[in-house]
Amino acid sequence: MDDIIAGYHALKAIRAPWEGWWDELRRYVLPGRPSDRDELPDARHHRELSDTTAVEACQKLASGHMSYMTPSNEQWFKWSSPDPDAGDEAESWYARCSEIANRELALSNFYTELHECFLDRVGLGTGSLFSGTGRNGRLLFRHIPCGQFVCAENDEGNIDTYMREFCLTPHQAASQFGRKALGPRARALLDAGRHPHEGSLRFLHVVQPRRRRDRSRDNAANMAWSSVYYSLDDSCVVEEGGYREMPYMVTRFLKWGEGPYGLAPARLVYPDIRQAQFLNRILDTLGEIAAFPRILELANQVGEVDLRAGGRTLINTESASLGFPREWATQGRYDVGMDRLKQKQEAINRAFFVPMLELWSERKQQMSATEVYARENERVMLFSPSFTLFATDFQPFMERLFAQLFRQGKFPQPPTTVMQADRRGEMSIAEPHVVYQGRIATIMSRIRSEGISTTLQLMQQLCGLDAGICDHVDLERSFRLAARLNGAPEEILRPLSNVRRLRRKREAEAAEQQQAALAAAQQATAAGGGGAPTAGAAPL
């Protein structure tokens, strides 16, 4: 355990340079957001803000993640077979599993916690989410605030070490670990007769690959990932177990060097955010001066100048000749300040991709479908690096989600076409390929779908010149692939086995009709008996 604690302090030292930036970004982008779940919001950060452009842009982009990447009211992802030649039966099974998984996520607290994770991803550059199972057997998720965990990557760039420091009340600790597993300080707090929700106990959760395990034994002590809960107050292990998959997901907005933490969009326009704060304070001052101008008056006029609306001030001839009282130093250029502030605010909004979001939320003018597609492609392509990283970071989460629901018996019986032999020769289900179907993902996959449509249109034009052109394209597969790329629900597509059965039935019915028509013609000929006069024959 000493090695784990030493590793934790080493990872904290690596994280230390990021903490100052996170505190600064919380000040201007996520004001009042605690760095730890147990902190109370600080209203002081709100009072220091004079411009909320970055705050609003962060909220919009986090909401855009929810609406256009993982919408709760739509099926935003679909699993498909990793083997393109597995057949339609395998694709249909994975598609049904996808629909079940989307329903299970909607029944859990996933979207509530995911929004908090996206706020950290957008505002601070790094978000984290825990996925597990609650006591009721349903999926359970928890957002881990940025700054409350440390992590490290393996040689392939995947998060393989995760350490989270957190606090529990004595009641929560006894509920989670059991009274007997707690250390002496925790038990003393429970035995002191105080309220069980008073007091705070510090714990450390460490998840990392298990170095030695017996793969033939399916128990917590031999799972791929070791899990250790350590009491920092009592310096003892309170729970030791394991996970089959990494339960913690870390998602970055953009990669920053070789480290495990991400780059927030606010880091790119931090000078503009600071300048917007300054300019807004200056413009507030100019506005106050315009509404309540400075007055220059003679010493003997003190108390005699009436500044009320409609007020009257009597002055003598000497004061009038000198031009007193009069406004003083009220000639600031408010318009110039507003232009500069607008430039800073536009730069902040561009960094947070607000123009992309406004293209969908507001249509201020009538645009043709071609123009809409062109603008969507242009703006979404700028966001593609962040979306690609989102898909990469979410891959372990999606694999764990699939495995959790399969172990819970939520999925239908798998067909043999989805089974494959592992390295020990045992048959297991192939890990699915994830296809995202949110609006952003749909636009990014539109190019592939448009390629199918363009190819089919060209084929249709050339078939008039050479009918053999059609032999180059599998129309059946093209149609089914285009339907899935366009996000069509799986239930509208008949399984290929049913399609073939329907075709055989149709061919049999056509053959029967043809035979019936031929039999009817033969009967009509026989009924004539050959005695009917032929054309041109003269009667005897």
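Residues numbered from 1 in each chain as written. Predicted model: local features only at pLDDT ≥ 70, side-chain atom pairs only at ≥ 80, totals over all residues. Heavy atoms only, no water.

**Digging into the pattern of salt bridges**
Part 1 of the argument: The tally for this structure, following the rule as stated, stands at 16 salt bridges.
Part 2 of the argument: Across the salt bridge formed by K255 and E153, the nearest N and O atoms sit 3.0 Å from each other. Separated by 102 residues along the polypeptide, K255 in the loop between β9 (248-252) and α8 (265-268) and E153 in strand β4 (residues 149-153) bring together distant segments of the chain.
Part 3 of the argument: Judged by its relative accessible area of 35%, K255 falls in the partly exposed class. (Salt bridge = Lys/Arg side-chain N within 4 Å of Asp/Glu carboxyl O. Helix = DSSP H or I, 4+ residues; strand = E, 2+ residues; numbered from the N terminus. Buried < 20%, exposed > 50% of the residue type's maximum accessible area, 1.4 Å probe, protein only.)

**Observations regarding the sheet that holds strand β2 (residues 126-133)**
Part 1 of the argument: Strand order in the open sheet made by the three strands is β3-β2-β9, with antiparallel pairing throughout. If you trace the sheet from one side to the other, it starts and ends with β3 (139-143) and β9, each paired once. Pairs of neighbouring strands in the sheet enclose a mean axial angle of 25°, with direction left out of account.
Part 2 of the argument: Across five bridges, β2 lies against β3 in antiparallel orientation. Counterpart to L129 in the pairing with β3 is H143.
Part 3 of the argument: Strands β2, β3 and β9 of the sheet are contacted by helix α5 (residues 110-123), whose axis makes an angle of about 160° with β2. (Pairing = 2+ DSSP bridges. Axes fitted to C-alpha atoms, helices over the stretch in contact; angles between N-to-C directions. Contact = heavy atoms within 4.5 Å.)

**A closer look at the confidence of the model for the protein**
Part 1 of the argument: Taken residue by residue, the protein gives an average pLDDT of 84. The fraction at 70 or more is 89%.
Part 2 of the argument: Below pLDDT 50 for its whole length, residues 531-540 participates in zero contacts with residues either more than four positions away or in separate chains. (pLDDT = per-residue confidence, 0-100.)

**Focus on the pairing of strand β6 (residues 201-209)**
Part 1 of the argument: Judged from the seven bridges that link them, strand β5 (residues 159-168) and β6 form a sheet pairing that is antiparallel. Residue R164 lies in a different strand from β6, and its bridge partner there is H205.
Part 2 of the argument: Two elements, β6 and strand β7 (residues 225-231), share seven bridges in a ladder whose sense is antiparallel. Within β7, the residue paired with F203 across the bridge is S231.

**Some thoughts on the sheet that holds β5**
Part 1 of the argument: The sheet built from five strands is open, its strands ordered β4-β5-β6-β7-β8 with antiparallel pairing. Looking at the sheet topology across the chains shown, the edges are occupied by β4 and β8 (236-243). Along the sheet, successive strands turn relative to each other by an average axial angle of 15°, direction set aside.
Part 2 of the argument: Bridge count between β4 and β5: five bridges; the pairing is antiparallel. The partner of C151 across the bridge, within β5, is Y162.

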